[in-house]
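An overview of the molecular structure
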Amino acid sequence: MLDRLVSKGSQDRLAALDLELTLDGANGDERVPLVRAHERSKQYGALFYHLQSNPTYLVLLLSTMHLSDIDPLLDVIMFTIYGSQYDSREEHLLLSMLQTALAQHFTASEETANLLRANSPVSRMLTTYARRAKARTYLRSTMSKLISAIVDSGDLDLEINPLKLDSESVDGGSIGGGNSSGGEETGDEGSSGGGSNGFRSRSGSRKSSLSSTRKSFQFLKSNSAQKAAKKTQDMLDERTAILADIVRGFLDTLIGSIDEVPFGIRWICKQIRVLVKQKYPDSTDLNIASLIGGFFMLRFLNPAIVSPEEYTFTKAAKPSETTKRTLTLIAKVLQNLANKTTAIKEDYMTPLFPFIEAHKERVSQFFLDLCNVNDFDQVLKTEVYLERFHGQTELTIRFDQVFVVESLLIKNLDMIAPHPNDPVRGILLELAGDGGGVKSVDPAGETNRKRIRLDLVAPADLEEESVVVRAKASFCKILQYVSFREDDVFDGRGYFLDLQRLADLAVSLRAVNPIVGKEGVHALRLLADLKAQPSGASLLKKLSEDVTLELEGLQLVTRTFAEEYHVLESVLADAYEQEEMLRSRIQSSSEYLVNSKGEAVSIPASVTTAINNVDSVGASADQLSPQKPTIWNLFGLHRSTSQNQLQK
């Protein structure tokens, strides 16, 4: 509240001073207006309101940009236009933008192998979203202890590339050089009395001696190479085992903290699953999990592992090169776990293939479980925020960022806002036509790094947006309570729901379920309101597509719960069987005691020993004092070799 009052006071003072900021013109003498804050703030406020509340504009703008130029704009979008990273309304709008971008990306893609792994505008968007505050907080709370243990352990060297290990062995002098053989040959020649005459006079014995010497040297050299190779292989086996233990520790932490994964990250995973099923209905769970892993591992988790200094995981400014390589190897193993591969590209990673195969199903299930979240309209209660949003909020943005966004919009205006009545097109043409917009920006200039505060004013069509959100929430409720055949509620093509028929079906159930009937009546009223809007046809089409996606997501969750239910039924049956067996044993023991009445019943010595052992273990455990976590006890490693053997 204090920040809002201070910012409002600053803007009022700026308007009162009638401040005109200027920059040098193109000819060096002319000075042109940059922003007349009190006159242009409403125009820019309206422009950025439309960009923020209708993410389609930003998706279209991003699709026109070259990959080498896209990152600065993504930073403006993710951390300025949607800069209130804990605000539910802005989170909802940003997720809407990602949903639109993902849907377009899946529609345009011809193959799925590298759908989210290739470098594309959508993959850049997902990577940038994964750097937002909630995602970073989750990574710090779950990964920092593991990564800090590796970084703080010193230069922990887990290099498993034999080529690099061989070069180290050669540098260490474990394999002899070629100069020694030359010396031996020279010495033999000298012992003969020297000169070529001596060599000729005893050519037979001389050749025999040289042949014997060469064979002896080759044997020694071969024996030394075998010892070095065995030593290298032992080191590789040891490091591979330790690397597998560390990765297992990361997996345990990830799977154990699934409920802490931010909603936005899980919702993106859900959208990927729904879109894959929609485009490729025969896709297996393994294929879907692999695509989800392309986002979760490659775009979210692994960047934090490889560059912990950017996430402030450790006190060290930057890990050493050796530690950096160890972290990279951990990320490689995790990525191979996420990929749907039958072999590993790098030959030196092959020893880890059994570990990867053993844990792939576990990781795939984790990716599928990430998708079990509700629609964001229900979770974030966006409809409530829209009702409370009476047309004004604030956006803090730099002058140079205003210039970047405005210039890109004008450059691609016909693609982003082609309709003559488009509000964004009207604002941009007005700004460009009267000379009031941003003319030029010197990125290094002090003025352009200053920030301005814009009032984002909602236009009169806010009610239209609110009706769409409330209608979607209403139909999602109907889907949860109404059973139907697809032919009854889908359109003629069978692709999307016919919302009118779905609402009528809910109303027809009013006698059986009054709550569902009431919701159906409410949905019909909202549909009527949307039809009355100027852009009613397009709004209804988009609403039908969104509700269809939610139905598919609900079906996936239902199928998952059904599978888990059957598993739990089997576990329960086993428990009942175990209970019956124990009851039978108790009955037999009781009968035995009754029949043995009056006789001394002795406890077997083996039982007494087992009880004493349990007591002694418990007592010794109580005496243990807590220790500072290290890489060895944190990952449950067995320190069978000295640490020096694992470090450079």
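Here's a quick rundown of the structure. (Residues numbered from 1 in each chain as written. Predicted model: local features only at pLDDT ≥ 70, side-chain atom pairs only at ≥ 80, totals over all residues. Heavy atoms only, no water.)

Below, the discussion takes up the environment of F367. Following the sequence through the fold, F367 ends up in helix 15 (residues 353–370). In this structure F367 comes out as buried when scored by relative accessible area, which is 1%. Remark: the alpha-carbon pair of F367 and K270, spanning 97 residues in sequence, is separated by 9.5 Å. Once residues within four sequence positions are removed from consideration, F367 is found in contact with A289, I292, G293, F296, M297 and A338. (Helix = DSSP H or I, 4+ residues; strand = E, 2+ residues; numbered from the N terminus. Buried < 20%, exposed > 50% of the residue type's maximum accessible area, 1.4 Å probe, protein only. Contact = heavy atoms within 4.5 Å.)

Turning our attention to the pattern of salt bridges. Throughout the structure, instances matching the rule amount to 16 salt bridges. One salt bridge in this structure joins R325 and E159, with 2.7 Å as the shortest N-O distance. One end of the pair, R325, is in helix 14 (residues 321–338); the other, E159, is in the loop between helix 7 (133–152) and helix 8 (162–171), and 166 residues separate them in sequence. E159 matches R325 in its accessibility class, with the two residues each being buried. K324 serves as the salt-bridge partner of E309, at 3.3 Å between the closest nitrogen and oxygen. Here K324 lies in helix 14 and E309 lies in the loop between helix 13 (285–306) and helix 14, a separation of 15 residues in the sequence. (Salt bridge = Lys/Arg side-chain N within 4 Å of Asp/Glu carboxyl O.)

So, about the nonpolar core. By size, the foremost hydrophobic cluster in this structure holds 116 residues, and its most contacted members are F48, M97, F296 and F367. When residues in this core are grouped by element, the largest group, 11 residues, is from helix 13. F475, A506, L527 and L530 belong to the second-largest nonpolar core, a separate cluster that totals 23 residues. (Core = buried A, V, L, I, M, F, W, Y, C linked by side-chain atoms within 4.5 Å.)

Looking now at the environment of R299. As for its position among the elements, R299 is in helix 13. Residue R299 is classed as buried on the basis of its relative accessible area of 12%. With 176 residues separating them in the primary sequence, R299 and S123 have C-alpha atoms 7.6 Å apart. In contact with R299, not counting residues within four places along its chain, are L116, R117, A118, S123, T127, A130 and G294.

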